[in-house]
Amino acid sequence: MLKKQFFYFCFLIGMIFLQNSTLQPKNLGKPYFEKAYSIEKEDPDKAIELYNKALKEGLDADLRKTALWRLYFIYKDKKKYILAWSILKQIPNKSSVENKFYEDVQYYTKLSKEDFLNLYKAIQENDLSTLKTMYRNASPFVKKEILDFYLEKNQNQIIEDLAFVDTNSNIDSKLFLANYLIENNRYEQAEKILFELSTNDSHQLSYAYKENILYLIGKIKREKNILDSIPYFLLSANYSTTSRDYEKELALALYSLYRAGYEEIVYELSEYIYYLPNDPMQKLFVLLIKTEKNPTKNNLFELKKLIVNLNKNSFLVQKAQKVLIENGYYD
């Protein structure tokens, strides 16, 4: 009798344990959620990675819903509407935000609600034939949207297939694709497009196109061997049609020399740069070398003012801080 009661007792405890383990999530993703939430404003890309990891590891119902909403708003703020919609579809009781979502989609992508949903349907159903047709006829904004979606999902083969859909289309489309691939570290694909463009379409290339192609090749070469990028940036500058573009590309060539340790050459050639670039980091570089060469009060003051809101861990900011400290302009 005692053995029978003991068996029933163990069975009851086992059922309770099983019920608790199956009905209540383990919430293993909570640490990733908390970290994502804390850095969301400063580093939204990292927050996206952590929110997705939290969802994969498991969250209770309330935290899961919050994580989905946070992902939705980050993607929407970054104007990644296909990814945002993929998240919004998972959230219950979302009708209050759908109309505003479609308004934003139409404003930025120029796609109607129907066209956007047809595009999303082609993606969900893996209808590559329809997707390639839609991609080929899409605006650069929508093309980037499609590529971003597959980049987020790590579906490299589809990215590669789409990257060559425009092979026979106009030069601007090819340059757009090459630039996108470079921004996402797909250098070999980008280089193939650029070299084919410079070879097969050479008779159609204006100075502006040649400038852009050489500039993009320079960016690729810089990732492999920084000194290899210099001839391309200088040639790109040679094809530039404005003084500002010429100086921007000259500054890029000088930056490669500077990183390779040829500061004295850089100081001499910097005399040919008369305008500060608009890009904050390029502006910092030009101002830095001018200040290193000639640390006047005005140069030091402008350098200090510029680095206040820039990334303090970057190479150029650290170099700027060193110059300011050496001249008593940095605490």
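Note that the structure is a prediction, hence the values are computed from the model and not measured.

Now for the overall build of the protein. Helix and strand content of the protein: 19 helices and zero strands. Scaling as 2.2 N^0.38, a compact globule of 331 residues should have a C-alpha radius of gyration of about 20 Å, whereas the protein reaches 27 Å, well beyond that. When its C-alpha atoms are laid out on the principal axes, the protein stretches across 100 × 55 × 40 Å. Taking all 331 residues of the protein together, 41% fall into the buried category. Contacts in the protein between residues far apart in sequence, at least 24 positions, make up 51% of those at least 6 positions apart. Carbon and sulfur atoms form 51% of the exposed surface of the protein, whose accessible area is close to 19500 Å². Separation of charge centres in the protein, based on 47 positive and 44 negative side chains, amounts to 6 Å.

Right, let's talk about the side chain of Lys-94 for a bit. For Lys-94, the location among the structural elements is in the loop between α5 (81-88) and α6 (95-109). The side chain of Lys-94 is buried and forms no salt bridge, while Glu-98, the nearest opposite charge, is found at 4.1 Å.

Evaluated as defined, the whole model comprises 19 aromatic pairs. Note on Phe-33 and Tyr-37: the rings are 6.2 Å apart at their centroids and 20 degrees apart in plane angle, and the pair reads as stacked. Here Tyr-37 and Phe-33 lie together in helix α2 (residues 30-39), a separation of four residues that amounts to about one turn. Relative accessible area serves as the criterion here: at 9%, Phe-33 is assigned to the buried category. A relative accessible area of 53% means that Tyr-37 is categorised as exposed. One aromatic cluster in this structure is built from Trp-69, Tyr-72, Phe-73, Tyr-81, Trp-85, Phe-101, Tyr-102, Tyr-107, Tyr-108 and Phe-116.

Right, let's get into the confidence of the model for the protein. Of the residues in the protein, 90% have a pLDDT of 70 or more, and the chain-wide mean is 86. Predicted confidence for residues 9-24 stays below pLDDT 50, and this span has one contact to residues more than four positions away or in other chains.

The full count for this structure, using the stated rule, is 10 salt bridges. Across the pair Asp-45 and Lys-78 runs a salt bridge, and its minimum N-O distance is 2.9 Å. Of this pair, Asp-45 sits in helix α3 (residues 44-57) while Lys-78 sits in the loop between α4 (61-77) and α5, and the two are 33 residues apart along the sequence. The partner of Lys-76 in a salt bridge is Asp-104, and the shortest N-O contact between them spans 2.7 Å. Here Asp-104 lies in helix α6 and Lys-76 lies in helix α4, a separation of 28 residues in the sequence. One exposure class covers both Lys-76 and Asp-104, and it is buried. By sharing partners, the salt bridges in this structure join Lys-76, Lys-100 and Asp-104 into a single network.

Attention shifts here to the packing of α6 against helix α7 (residues 113-124). Where α6 meets α7, the axes come as close as 9 Å, and the angle between the chain directions of the two elements is 90 degrees. Looking at the two axes, α6 sits roughly perpendicular to α7. Contacts from Phe-101, Tyr-102 and Val-105 of α6 reach α7 at Lys-113, Phe-116 and Leu-117. Of the residues that constitute the contact of α6 with α7, the class distribution is five nonpolar, no polar and one charged.

At a closest axis distance of 12 Å, the pairing of helix α13 (residues 207-224) and helix α15 (residues 243-259) adopts a crossing angle of 20 degrees. By the criterion of interaxial angle, the relationship of α13 to α15 is roughly parallel. Seen from above, α13 lies across α15 with left-handed handedness. Contact residues: α13 offers Glu-211, Tyr-215 and Arg-222, while α15 offers Asp-245, Glu-249, Leu-252 and Ser-256. Of the residues assigned to the contact of α13 with α15, the class counts are two nonpolar, one polar and four charged.

The rules we used
Residue numbers here run from 1 along each chain, matching the order of that chain's written sequence. Local features in a predicted model are, by the rule used here, given only for residues with pLDDT of at least 70; side-chain atom pairs are given and counted only at 80 or more, and totals for whole chains, interfaces and linings are based on all residues. Hydrogens and water molecules were not included; the side-chain quantities draw on all heavy atoms of the structure. Elements are defined by DSSP. Helices are runs of H or I of four residues or more, strands are runs of E of two residues or more, and each kind is numbered from the N terminus. Two things to know: the radius of gyration comes from C-alpha atoms, and the globule rule equals 2.2 Å times the number of residues to the power 0.38. Residue burial is assigned from relative accessible area. The probe radius is 1.4 Å, only protein chains are included, and a residue is buried under 20% of its type maximum, exposed over 50%, and partly exposed in between. For this analysis, residues touch if any pair of their heavy atoms sits within 4.5 Å. For every accessible area listed, the method is Shrake-Rupley and the probe measures 1.4 Å; residues are considered covered only by the protein chains on display. In this charge count, Lys and Arg are treated as positive and Asp and Glu as negative; neither His nor the chain ends contribute. For the purpose of locating charges, the reference atoms are NZ of Lys, CZ of Arg, CG of Asp and CD of Glu. The rule for a salt bridge is simple: a side-chain nitrogen of Lys or Arg has to be within 4 Å of a carboxyl oxygen of Asp or Glu. Aromatic rings from Phe, Tyr and Trp, with only the six-membered ring used for Trp, were paired whenever their centres fell within 6.5 Å, and each pair was classed as stacked if the ring planes differed by under 30 degrees, edge-to-face if by over 60, and tilted otherwise. Every residue carries a pLDDT, the predictor's confidence in it, which falls somewhere between 0 and 100. Between N-to-C directions, angles cover 0 to 180 degrees, with each direction set by a line fitted to C-alpha atoms, over the stretch in contact for helices. By the definition adopted for this analysis, an angle is roughly parallel if under 35 degrees, roughly antiparallel if over 145, roughly perpendicular if from 65 to 115, and oblique otherwise. Gly counts as polar in this scheme, as do all residues outside two lists: the nonpolar Ala, Val, Leu, Ile, Met, Phe, Trp, Tyr, Cys and Pro, and the charged Asp, Glu, Lys and Arg. Note on convention: the crossing is left-handed when the near helix lies turned anticlockwise from the far helix by less than a right angle, right-handed when the turn is clockwise.

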